[in-house]
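The primary structure of each chain is shown beneath.
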Amino acid sequence: MMTLFSNHSISSNLRHFSLKHLPSKSGIVASIKKSSIALAIITAVVFPTSVFAFDVNEAKEKEKSTFDERIQIIGHSDKLRKEAGSATLIGEAELEKFNFDDINRILYNVPGINIREEDGFGLRPNIGFRGATPERSKKITVMEDGILIGPAPYSAPAAYYFPMMSKMTSLEVFKGPSAIKYGPNTVVGALNMTTRSVPDDREGLFDVSLGSNGYSKSHIFYGNTLDGISNGNFGYLLEAVNMQSDGFKVLDGGGDTGFDKNDLMLKLRYDLTSKEFSQVFELKVAYADEKSNETYLGLTDQDFKANAYRRYAASQLDNMDWQHSQIQFTHFLEADKFDVTTRVYRNNFERQWFKVNGFKAGFITRDLQYILAEPEEETNALFYQVLTGTRDSEKEVEKIILGNNAREYYSQGIQSEIYWEHELAGLKHKFNVGVRYHQDQIERKHTEDVFLMQSANLISDGSEQVATTTNVEKTDALSIFMQDTINWQALDVTFGLRGEFLDSTYHNLKPGNENDWQKKTSRIWLPSMSVFYTLSEQAGILFGIHEGFIPTSPKEGLSVDIENSINYEFGARFNNQNTKVEAVVFYNDISNLKEGCTFSAASECGKSLDAEVNGGEVDVYGLEFSTSHTFNLNSSFDLPVSIVYTHTASEFKNSFESDFPMWGNIESGDELPYLPKNQLTLNVGLIADVWDLNLIARYVDTLAEASGTNVILEGMSTNAYTVVDLSFHYDIGASGRLYIKADNVFDKQEIASRRPYGARPGKPQQFFVGYQTNF
């Protein structure tokens, strides 16, 4: 494998290697200013004043569609899509079929997705594409309205914050060469979620539902657009969602295992259209919070069989408490042959994550995962009894450590992209060029407290709180991408190029370690090419190749390589509006697989928290297939059917020894963990004039808990399982709409995973009833 161009250098102090020091200022700010000026000059030179002369009414119609389209990757269209890459759009109508709040349940409708479920509600999802490790969705590019939404997507990409799905009106997944456009993580693809647009006319909705285990949801929005405000149109949208549940797990000794989430969003839009140009200004302000009595502590396999929803007494104080705020300003300018979209954004995220970390005996000697994997071992049995509250903490080593992984994040930047069409040498060109300057930071303030288990209750032992991890990681990133789609008769060829230029810093703030710091720079160019050949108005074939990249964290040294790959795909599409088919064969040739050690992966990671490791060469390949068709039974009933199937295989190409808790000692040919070979989702509906009934059944193959040997959970896997969900809607005219839904209709329960520590269930059988009205 050959990388087009990359460069990495590090300066450090009191670390295990040292290179020359970088200057204190990276020069990125100057670069972005020059790039922005250059983009403005190109716009003025390439598109002189004459291109702005077009009909005003035509401009308004054009603006309404193009502006909203620019926050999406795929776009809404019943026509044959000609972009290369396995692409899936789930629109508002599809999302409303099941009213899912859980991103995991929604994504099972997308081919090529691998998920490790954790809490049953999708509070902190683990999502991967095409074999990428799903751990905290850290290897995919996650966006909301076209903006990076992770707390710190460069410095700490693990997505402990994930947007509430109830406020989304569409969801898009794009894999393949177009991932080049949506870095930083370009190995497998991008997930973009779009929030509700400001309505053109007065529009409102009230949605309330109740369900099993104390579940409730209240969702309301209202918006309008007022014409003739200072020669333009002023629109607004206010949306609020509250969702809560008592939880479906039963805590030993009693207690709440549920959550309470809130989300507020305000959008203000000013649409200004004149004879010269069309433009839109939009301000988006949002706030969200969550308090959830969740835990990383699972069960032994024996206890899972007895009661899959049990929670041990040691987890009684576990709690996640976070707040997220967002502000985004968007400017859109459109003329006859081009449009420019510029966004300025800032996201803040703060969390307190109080949870069981282990025993005072230490992570090495008594790892929680090891205790729960082998609870009958003589010493483990004593610790197991303390965890369950059936034994008091009698010895110093039996004291329980509760850690608070307190963190503060910010993510901010400015990005601008331009689309224009031009004919050159008799060929039609569609250009798309963009630039982004982005900053993000994570500040860790981790502490630990010691507790005694006394009569099945956790009581502080009176010792002082200990600071364990106190550091800051920060990244300044300049990203540039260029795409040129050349059309010649039935052939569309797209050439792409992405540049990532990263300056990152790490500083240990723990007293006595102030001289532990590092500065690092990374530079890489990533090329891509895709081809789409139109066979007819309804069918076409595609081919793509691109280079993928995932950066290392700011504190990692040169001993850990970036994740780098060359990815290939070949497929075909068919779309006659009533029937759609897409099949894509993919092959990811990964030159170095990189993984990180976090508590969500294993409690053993507490001794090397957030450290990254090399995995060498890995091949991932498979087939993605999706099809849908609507049968018209008669004039009164429609029967829509869709099938989504994914087959994925993987293998390490090198043999090596590792202490990473998901790998162990690897032999060439070993498979990746948490990657099902086969997944199948079937959707069937029955639609009448005033009601509809929908069923979704999904099958997930076995999941290996670990790769290699000499590792906890060696040789263990989850069982294959099938889950069926059902929904029913009934329109009651002007009075609104009633709906009933059931998740996990047949109450099937298998171990979803044995991470972070111990066996964990999926969501049990739950029923919901709701009422929705528009106003």
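In case you missed it, the structure is sitting above this.
Please read these numbers as outputs of a predicted model, since none were measured by experiment.

Chemist: How should I be thinking about the nonpolar core in this particular structure?
Modeler: Within soluble globular proteins, side chains that are nonpolar tend to cluster in buried spots. Among the nonpolar cores identified, the biggest contains 78 residues, and Leu 107, Leu 171, Leu 191 and Ile 400 are the most heavily contacted of them. Of the residues that make up this core, three or more belong to each of domain 1 (2-195) and domain 2 (203-774). Not counting chain neighbours up to four residues away, the residues in contact with Ile 400 comprise Ala 314, Val 356, Gly 358, Phe 359, Val 386, Asp 449, Val 450, Phe 451, Met 453 and Leu 458. Grouped together as the second largest cluster of nonpolar side chains are 19 residues, Cys 605, Phe 656, Ile 666 and Tyr 674 included.

Chemist: Just checking my understanding: could you explain the sheet that holds strand β7 (residues 168-174) for this structure?
Modeler: Two orientations exist for strands paired in a sheet by backbone hydrogen bonds: parallel and antiparallel. Taking strand neighbours across the sheet as the criterion, the 5 strands line up as β2-β7-β8-β5-β6 in an open arrangement whose pairing is mixed. The sheet terminates laterally at β2 (87-90) and β6 (147-148), the two strands that pair on one side only. Sheet analysis places β7 next to strand β8 (residues 190-195), joined by 6 bridges and oriented antiparallel. Bridge pairing links Phe 174 to Ala 190 in β8.

Chemist: Explanation requested: the environment of Val 241 in the structure shown.
Modeler: Checked against the element boundaries, Val 241 lands in strand β11 (residues 232-245). Taking relative accessible area as the criterion, Val 241 reaches 4% and is therefore assigned buried. When the C-alpha positions of Val 241 and Met 265 are compared, they lie 9.1 Å apart, and in sequence the two are 24 residues distant. Ignoring anything within four residues of it in the chain, the contact list for Val 241 reads Met 164, Ser 166, Lys 217, Ser 218, His 219, Lys 261, Asn 262 and Asp 263.

Chemist: Explain a nonpolar patch on the surface to me, please; I cannot follow it from the model alone.
Modeler: Judged by side-chain polarity, Leu 238, Leu 266, Val 285 and Ile 327 come together as a nonpolar surface patch covering roughly 310 Å² of accessible area. Here Leu 238 lies in strand β11. Classification of Leu 238 as exposed rests on a relative accessible area of 52%.

Chemist: Would you take a moment to explain the packing of aromatic side chains for this structure?
Modeler: To describe a pair of aromatic rings, you give the distance between the ring centres and the angle between the ring planes. Summed over the entire model, instances satisfying the criterion amount to 27 aromatic pairs. Judged by centre distance (5.9 Å) and plane angle (90°), the rings of Tyr 312 and Tyr 384 are edge-to-face. Here Tyr 384 lies in helix α7 (residues 378-388) and Tyr 312 lies in the loop between β15 (310-311) and β16 (319-334), a separation of 72 residues in the sequence. You can call Tyr 312 buried: its relative accessible area is 1%. In this structure, Arg 351 is placed above the aromatic ring of Tyr 160, and the distance from its NZ or CZ to the ring centre is 4.4 Å. A cation over a ring is seen here: Lys 741 above Phe 768, with NZ or CZ 4.6 Å from the ring centre.

About the cut-offs
Every chain begins its residue count from 1, and numbering advances along the sequence as written. This being a predicted model, a pLDDT of at least 70 is required before a residue's local features are given, and a value of 80 or more before pairs of side-chain atoms are given or counted; all residues contribute to the totals for chains, interfaces and linings. Note that water and hydrogens are dropped before the side-chain values are worked out from all heavy atoms of the structure. Take the buried Ala, Val, Leu, Ile, Met, Phe, Trp, Tyr and Cys residues and link them wherever side-chain atoms come within 4.5 Å; each set so joined is a nonpolar core. Any residue under 20% of the maximum accessible area for its type is buried, any over 50% is exposed, and the rest in between are partly exposed; the area is computed with a 1.4 Å probe on protein chains only. Residue ranges for the domains originate in an automatic or database domain assignment. Should any heavy atoms of two residues lie within 4.5 Å, those residues are considered in contact. In this scheme, strands are said to pair when DSSP sees at least two bridges between them. A helix here means a DSSP run of H or I that spans at least four residues, while a strand means a run of E at least two residues long, and both kinds are numbered starting from the N terminus. Patch membership requires over 30% relative accessible area and the absence of a salt bridge. Like charges are linked within 9 Å, and nonpolar side chains (Val, Leu, Ile, Met, Phe, Trp, Tyr) within 5 Å. For the area figures, the Shrake-Rupley method with a 1.4 Å probe applies, and any residue is considered shielded solely by the protein chains shown. What makes a salt bridge here is a side-chain nitrogen of Lys or Arg within 4 Å of a carboxyl oxygen of Asp or Glu, nothing more. Note on aromatic contacts: the rings of Phe and Tyr and the six-membered ring of Trp form a pair at centre separations within 6.5 Å, being stacked when their planes are under 30 degrees apart, edge-to-face when over 60 apart, and tilted otherwise. To sit over a ring, a charge needs its Lys NZ or Arg CZ within 6 Å of the ring centre and within 35 degrees of the ring normal.

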